[in-house]
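# An overview of the molecular structure
Residue-level listing of the chains:
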Protein chains: 2
Amino acid sequence: MHMQNNGDGLHTSRFLTRPLYLQARDAIAHRIATGTWKPHAAIPNESELAREFGVSAGTIRKALDLAEAERLLTRRQGRGTFVNDQSAAEHAARYTNIRNREGERLSGDVEVLSVLETTVSEKESRRLRLRPHERVHRIRRVRITGGKPYMLEDVAMPTKLFPGVASHDDASQQLTVLAQRFCVLLGRGEEWLTIGPAAPDVAAALHVAAEPMLLRLDRVIYTHDGRPAEWRLAQCLMEDGRYYRANFR
Amino acid sequence: MHMQNNGDGLHTSRFLTRPLYLQARDAIAHRIATGTWKPHAAIPNESELAREFGVSAGTIRKALDLAEAERLLTRRQGRGTFVNDQSAAEHAARYTNIRNREGERLSGDVEVLSVLETTVSEKESRRLRLRPHERVHRIRRVRITGGKPYMLEDVAMPTKLFPGVASHDDASQQLTVLAQRFCVLLGRGEEWLTIGPAAPDVAAALHVAAEPMLLRLDRVIYTHDGRPAEWRLAQCLMEDGRYYRANFR
DNA sequence: TAGTGGTCTAGACCACAGA
DNA sequence: CTGTGGTCTAGACCACTAA
C-alpha cells in the first residue's frame with residue numbers, strides 16, 4: 001500500500017507524510033469551519049470516520065482527542081462527539097479575562113462608537129502581520145456594566161478574513177460569533193498588560209472627568225492555523241473590585 | 001486475571017479501578033518527586049517500564065505523554081525520556097509573567113526584607129486552604145533590575161509542605177527550586193491582577209518618594225496534585241516599558 | 001548498527017447513556 | 001438492549017540519534 005490518496009484527501013504513503021492523525025484532525029477542522037458539520041450536531045462515530053478516512057479507529061481517536069483539546073469538539077462517553085458552538089457563552093468568553101471580585105465575567109452592553117474599513121496603520125500591520133497596503137476593519141466601542149462604561153476597545157480585524165463586517169450590529173459582536181459566521185476557527189491568544197493614564201479622548205469615552213490610571217490590554221488572537229485574526233487595544237477602569245484573571249500551568 | 005496488585009502498586013482488576021495510565025503517571029510522578037529519578041537523568045525506556053509495571057507499552061506511552069504535558073519529563077525521539085530539572089531557567093520562569101518591551105523576562109537580584117514562620121493570617125488561610133491554627137513561612141522581598149527595585153513580594157508557603165525554609169538564602173529562591181528540594185511537584189497557577197496606589201510602606205520598599213499606581217498581582221500556585229503551595233501578593237512598578245504577558249488558548 | 005521514541009493497526013472489553 | 005466513547009493490548013514499522 002505505497003502512495004495512495006483516498007477520496008478524503010488523507011495522504012497515505014511510507015515516506016514523507018504528515019502523521020495521519022494530524023491530517024485527520026485538519027479534515028475534521030475543515031468540515032467544522034465550513035459548516036459541513038454544524039454547531040451542536042453529532043458527528044459520525046469513530047468506526048465510521050475510520051472507514052471513511054481509510055485509517056484505523058485508534059488514529060481517528062487521536063485526531064478527535066486533539067480536536068477536543070483545541071475546543072473544536074466535545075466528546076461524551078455513551079453519547080457521541082459533538083461540534084462546539086463557538087458563539088455559546090462558554091466558548092465566546094474564552095478570551096475575556098476581566099472579572100469581578102467573585103470571579104464572574106462582567107455582563108453588560110456594548111456601544112459601538114465607530115466602524116471603518118481602511119488600509120492598515122503601521123501598528124496594525126505589525127500586530128496582524130499584514131502588508132502596508134492590506135485592509136482592516138477598525139472598530140471603536142465601549143463596554144458598559146451596571147449602566148457605567150468601564151472599557152474602551154480599539155479593534156482591528158483583517159478584511160481578508162472577515163469580508164464585510166459592515167454594520168454596527170456586527171461590530172458589537174464577540175469575535176467568536178463573527179469567526180463562526182465567516183468560517184474562521186480561532187486558536188490561541190496572547191495579551192500584554194500594562195498600566196497608564198487615560199488620554200483625554202479615552203477619559204471622555206469612559207465618561208470620567210479626571211484622567212485616571214487604566215489597565216491597558218494589548219491582545220492578539222490567532223486563527224486555529226496561526227494567522228492573526230484580531231488585534232485589540234483595550235483600556236479598562238479597574239475600580240469596583242475588578243480583576244484580570246490569568247491561569248497557567 | 002481478576003484482582004491483582006503487582007509489586008509497583010498498580011491495581012489491576014476488571015472493576016472500579018482508576019485507569020492504568022493514570023496510575024502509571026502517578027507512579028512516575030512519585031519517583032520524580034522523591035528523587036528516585038533525578039533531574040536530567042534518562043528514565044527506563046517504554047518497554048522496560050511496561051514490563052516493570054505489568055502493562056502494555058501503549059499504556060505506558062499514554063502515561064509518559066501525560067507526564068510530559070505536565071512538564072515532569074521531556075521526551076526526545078531517538079534519545080530517550082529525561083527528567084526535567086525544575087530549577088533550570090526554562091522551568092523556573094514558568095510562573096513569571098513580567099517582561100520588558102522585547103518580551104524577555106526581567107533579570108536581576110532579590111533582596112529579602114523579612115522571613116518569619118508563624119500561624120496563618122485570615123487571608124493566608126483562605127488562599128492556601130489552611131485551618132486557622134496551621135503555620136506558614138511568610139517572606140517579604142524586593143526584586144531589583146538595573147539597580148532599581150521594581151517589585152515587592154509578600155509570599156506565604158505552608159510550613160507543612162516546606163518544613164524549614166529558615167535562611168534568608170532559601171527565602172530568595174524561586175519556588176521551583178525549593179519545591180524540587182522539598183519533593184514537591186508543582187502544577188497549575190492562578191493569578192488575579194488589578195491596579196492600585198502604593199501604600200506608604202510599599203513605596204518606601206520600592207525606593208520611590210511619591211505613591212505611584214502599581215500593578216497588583218495576587219497569585220496562588222498549586223502542587224501537581226492540587227494542594228496550594230504558595231500565595232504571593234506582588235506589587236509592581238510598570239514604568240520603563242514593562243508588561244505582564246498572558247497566553248491562553 | 002542498535003536502541004530510542006513516534007505512528008499506526010486490529011482487535012478486545014469496559015462504562016455509560018438512552019430507547 | 002444497542003451504540004457510544006474510554007481503556008488496554010500486542011504487535012508492526014518508521015524516524016531519529018549516537019556510537
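Just so it is clear, the structure is predicted and the values come from calculations on it, not from any experiment.

Each helix and strand counted, chain A has eight helices and twelve strands in total. Projected onto its principal axes, the C-alpha positions of chain A cover 75 × 45 × 35 Å. Of all 249 residues assigned to chain A, the portion counted as buried reaches 49%. When the accessible area of chain A is evaluated, it comes to approximately 12,400 Å², of which 50% is carbon and sulfur surface. Each charge class in chain A was averaged separately, 37 positive and 31 negative side chains, and the resulting centres sit 5 Å apart.

Turning next to the layout of surface pockets. Once rolled over the atoms, a probe with the size of a water molecule shows which space is left empty. Counted as a void, the largest pocket has a volume near 1,200 Å³. Going through the elements one at a time, α3 (57-69), β9 (186-197), β10 (213-223) and β12 (243-248) of chain A together with β9 (186-197) and β12 (243-248) of chain B are the ones with two or more residues in the lining of the largest pocket. By residue number, the principal contributor to the lining of the largest pocket is β12(A), which donates five residues. For the lining of the largest pocket, the residue count by class is ten nonpolar, ten polar and 18 charged. There is about 930 Å³ of room inside the second largest pocket.

Each of the two chain copies goes to the other by way of a rotation about an axis and a shift along it. After a rotation of 180° and a shift along the axis of 0.0 Å, chain A superposes on chain B with an RMSD of 0.0 Å. Taken together, these values place the two copies in the relation of a two-fold axis. Nearest to the rotation axis, the C-alpha of A246(A) is located 3.3 Å from it, this being the minimum over chain A. A share of 100% of interface residues in chain A that are also interface residues in chain B marks the association as one of identical surfaces.

N45(A), L20(B), S56(B), T59(B) and Q77(B) are the nearest of the 20 residues found near DNA strand D. When atoms of DNA strand D within 4 Å of the protein are sorted by moiety, sugar and phosphate together comprise 78%. In this structure, Y21(B) approaches DNA strand D through a main-chain N or O atom, which is 3.2 Å from a phosphate oxygen. Contacts to DNA strand D include T59(B), whose side-chain N or O atom sits 2.5 Å from a phosphate oxygen. Residue assignment for the surface near DNA strand D shows that the elements contributing at least two residues are β3 (73-76) and β4 (80-83) of chain A together with α1 (20-33) and α3 (57-69) of chain B. In terms of residue class, the surface near DNA strand D is built from four nonpolar, nine polar and seven charged.

The next subject is the confidence of the model for chain A. A residue-level look at chain A finds 93% of positions with pLDDT of 70 or above and a mean pLDDT of 92. Taken as a whole, residues 1-7 of chain A scores under 50 in pLDDT and shows 13 contacts with residues more than four places along the chain or in a different chain.

Turning to the protein's contact with DNA strand C, a few remarks are in order. As a matter of local geometry, DNA strand C sits amid 21 residues, with L20(A), S56(A), T59(A), Q77(A) and N45(B) nearest to it. Each atom of DNA strand C within 4 Å of the protein belongs either to a base or to sugar and phosphate, the latter forming 80%. The separation between a sugar or linking oxygen of DNA strand C and a polar side-chain atom of Q77(B) is 3.4 Å. Within the backbone of G78(B), a nitrogen or oxygen atom sits 3.0 Å from a base nitrogen of DNA strand C. Where the surface near DNA strand C is concerned, the elements lending two or more residues are α1 (20-33) and α3 of chain A together with β3 (73-76) and β4 (80-83) of chain B. Across the surface near DNA strand C, the residue classes tally to four nonpolar, nine polar and eight charged.

With that out of the way, let us pick up the domain arrangement of chain A. How big an interface is tends to be expressed through the accessible area that disappears when the partners come together. Residues and elements named next belong to chain A. The assigned domain composition of chain A is domain 1 (4-83) and domain 2 (89-244). Relative to domain 2, the C-alpha centre of domain 1 lies at a distance of 33 Å. With nine residues of domain 1 in contact, the opposing surface of domain 2 contributes five residues. Each partner contributes to the roughly 700 Å² buried at the junction of domain 1 and domain 2, and carbon and sulfur atoms together form 65% of this total. Considering only the side of domain 1, the residues that lose the most area to domain 2 are A33, R71 and L72, jointly responsible for 59% of the buried surface there. Joining domain 1 to domain 2, the criterion identifies zero salt bridges. Within the side of domain 1 that touches domain 2, the residues separate by chemical class into five nonpolar, one polar and three charged.

Glancing now at the pattern of salt bridges. Counted under the stated rule, the structure contains 44 salt bridges over all chains. A salt bridge links R232(A) to E153(A); its shortest N-O distance comes to 2.7 Å. Highlighted residues: R232(A) in strand β11 (residues 228-236) and E153(A) in strand β8 (residues 148-158), separated in sequence by 79 residues. Residue E153(A) is classed as buried on the basis of its relative accessible area, which comes to 1%. Of the charged contacts in the structure, one is a salt bridge between R75(B) and D65(B), with a shortest N-O distance of 3.0 Å. A residue pair is termed long-range when its members are at least 10 positions apart, and R75(B) in strand β3 and D65(B) in helix α3 qualify at ten residues. For R75(B), a relative accessible area of 19% translates into the label buried. Salt bridges linked by common partners bring R141(A), R143(A), E153(A), E191(A) and R232(A) together as one network.

Below, the discussion takes up helix α2 (residues 46-53) of chain A. Residues and elements named next belong to chain A. Taken as a whole, α2 has its buried residues at L49, A50 and F53. Projected down its long axis, α2 shows its buried positions confined to an angular sector of 100°, all on one face. Packed against the buried residues of α2 are α1 and α3. Two or three places before S47, at the start of α2, stands the capping residue N45, its side-chain oxygen 3.1 Å from that residue's backbone nitrogen. At the exit of α2 stands G54, carrying a positive phi of roughly 70°.

To continue, consider the packing of aromatic side chains. In total, this model carries six aromatic pairs over all chains according to the counting rule given. Taking 5.6 Å as the distance between ring centres and 85° as the angle between the ring planes, the aromatic pair formed by Y243(A) and W192(B) counts as edge-to-face. With one member in each of two chains, Y243(A) in strand β12 and W192(B) in strand β9 form a pair that bridges those chains. Since its relative accessible area comes to 16%, W192(B) is described here as buried. Between the aromatic rings of F162(B) and F182(B), the centroid separation amounts to 5.8 Å while the plane-to-plane angle is 80°, which identifies the pairing as edge-to-face. One end of the pair, F162(B), is in the loop between β8 (148-158) and α6 (168-171); the other, F182(B), is in the loop between α7 (175-181) and β9, and 20 residues separate them in sequence.

Cut-offs used in this document
- Residues numbered from 1 in each chain as written.
- Chains lettered and ligands numbered in written order.
- Predicted model: local features only at pLDDT ≥ 70, side-chain atom pairs only at ≥ 80, totals over all residues.
- Heavy atoms only, no water.
- Helix = DSSP H or I, 4+ residues; strand = E, 2+ residues; numbered from the N terminus.
- Buried < 20%, exposed > 50% of the residue type's maximum accessible area, 1.4 Å probe, protein only.
- Areas by Shrake-Rupley, 256 points an atom, 1.4 Å probe, with all protein chains shown as cover.
- Lys, Arg positive; Asp, Glu negative; His and termini not counted.
- Charge placed at Lys NZ, Arg CZ, Asp CG, Glu CD.
- 1 Å grid on protein atoms, 1.4 Å probe; cavity = no way out; pocket = protein on both sides within 12 Å on 5 of 7 lines; lining within 4 Å.
- Points joined across faces, edges and corners; volume = space filled by probe spheres on them.
- Nonpolar A, V, L, I, M, F, W, Y, C, P; charged D, E, K, R; others polar.
- Least-squares fit on C-alpha atoms with pLDDT ≥ 70 in both.
- Contact = heavy atoms within 4.5 Å.
- Near = heavy atom within 4 Å.
- Polar contact = N/O pair within 3.5 Å; in protein donor to acceptor, adjacent residues only side chain to side chain.
- pLDDT = per-residue confidence, 0-100.
- Domains from an automatic or database assignment.
- Buried area = accessible area lost by both parts, 1.4 Å probe.
- Salt bridge = Lys/Arg side-chain N within 4 Å of Asp/Glu carboxyl O.
- Arc of directions from axis to C-beta.
- Phe/Tyr/Trp six-rings, centres within 6.5 Å; stacked < 30°, edge-to-face > 60°.

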